[in-house]
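Take a look at the letters that make up each chain.
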Amino acid sequence: MTEGIDNNTQEFTTQEFNAAVAKAAVVTGASTGIGEATVRSLRKEGWTVFAVARRADRLEALAAETGAVALPADVTDDADVARLLDAVTRAGGIDTLINIAGGARGADKIAGAKTEDWEWMFQVNVLGSMKLIRAFLPMLRACGEGTVLNLTSTAGLAAYEGGGGYNAAKFAQHALTGALRLEEAEHNLRVIEVAPGLVQTEEFALNRLGDQDAAAKVYQGVEKPLTAEDVADVVRYAVVAPHHVNLDQIVIRPVAQAANYKLIRKSQ
């Protein structure tokens, strides 16, 4: 059981929900990188932010600094998602769901693919997003002007060697996002996809490759890769825009990366 989330349930009417919500968001993946930066960015805008990740200690530190609400949870665990929904409901609800939790593991070609790496990537990137969306859709519909933003990747738009598992997971998340937009337009639900290219964060390359030196080589010679704050600023812009403005898909790369396969590196 996840600490900080209990099982008490409170129901409320749509009228009560609309009165309670004043720009409130759940942000997953909030303990590091783009998720953490997004929490900071939205809090500066005055939003109520429910910061979600597995690492409770990092969430508590972020909450103490920013005033966000720390809700430790594993987005792939059904019981955790149910407790998360209950906690957010009792706190007044949200109008925006921002799915940032995700990641890559391994850089093997398909001939050497590790099943456990592929399973983890599908669980976190695809099923985690689906479970959060499925849980919060009734609330987002009820508020009248709901938003779902999924952070995908340019890896979900073009395949590359050694990226088969991550490509497959992010292509699936990209497709999920497109289907959701079609299905929920009648409920006035805004569905946004933000697809970053090369972003230098604290943990992404390290978690993928498992070695600090290998992770450093990903960014070696690249002038000004994107930062977590760069991407968070785009996420903030997309959800703060008037609700009738739907930025369906935003691709963001550093200037040095003209495509997945074209990255300018300068000699050291």
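The sections below set out a description of the structure shown in this document. Fair warning: this is a prediction, and the values are worked out from it, not measured in the lab.

The rules behind these values
Residues numbered from 1 in each chain as written. Predicted model: local features only at pLDDT ≥ 70, side-chain atom pairs only at ≥ 80, totals over all residues. Heavy atoms only, no water. Phe/Tyr/Trp six-rings, centres within 6.5 Å; stacked < 30°, edge-to-face > 60°. Lys NZ or Arg CZ within 6 Å of the ring centre and 35° of its normal. Helix = DSSP H or I, 4+ residues; strand = E, 2+ residues; numbered from the N terminus. Buried < 20%, exposed > 50% of the residue type's maximum accessible area, 1.4 Å probe, protein only. Core = buried A, V, L, I, M, F, W, Y, C linked by side-chain atoms within 4.5 Å. Contact = heavy atoms within 4.5 Å.

### With respect to the packing of aromatic side chains
Moving on, step 1. Enumeration according to the criterion identifies zero aromatic pairs in this entry.
Moving on, step 2. One Lys or Arg, Arg 105, reaches over the ring of Trp 120 and ends 4.0 Å from the middle of that ring.

### A word on the environment of Lys 224
Moving on, step 1. Its place among the elements puts Lys 224 in the loop between helix H8 (212-219) and strand S8 (226-227).
Moving on, step 2. Take Lys 224: its relative accessible area is 74%, and that puts it in the exposed class.
Moving on, step 3. In sequence terms Lys 224 and Pro 254 are 30 residues apart; their C-alpha atoms lie 7.0 Å from each other.

### Considerations on the nonpolar core
Moving on, step 1. Core analysis: the biggest nonpolar cluster contains 33 residues, and Val 39, Leu 42, Ile 98, Leu 149, Val 194 and Val 231 have the highest contact counts within it.
Moving on, step 2. For this core, the elements supplying multiple residues, two or more each, are strand S1 (24-28), helix H2 (33-44), strand S2 (48-53), helix H3 (56-66), strand S5 (147-151), strand S6 (190-196), helix H9 (228-240) and strand S9 (249-252).
Moving on, step 3. Looking at this core element by element, the count peaks at seven residues for H9.
Moving on, step 4. Ignoring any residue separated from it by four or fewer positions in sequence, one finds Val 194 in contact with Leu 149, Asn 150, Leu 151, Thr 152, Ser 153, Val 231, Val 234, Val 235, Ile 250 and Ile 252.
Moving on, step 5. Ranked by size, the runner-up nonpolar core spans 32 residues in total, among them Val 88, Tyr 166, Leu 189 and Val 191.

### A look at unusual backbone geometry
Moving on, step 1. The phi dihedral of Asn 188 is positive, around 60°, even though this residue is not glycine.
Moving on, step 2. Looking at the secondary structure, you find Asn 188 in the loop between helix H6 (164-184) and S6.
Moving on, step 3. Even without being glycine, Lys 224 reaches a positive phi, approximately 55°.

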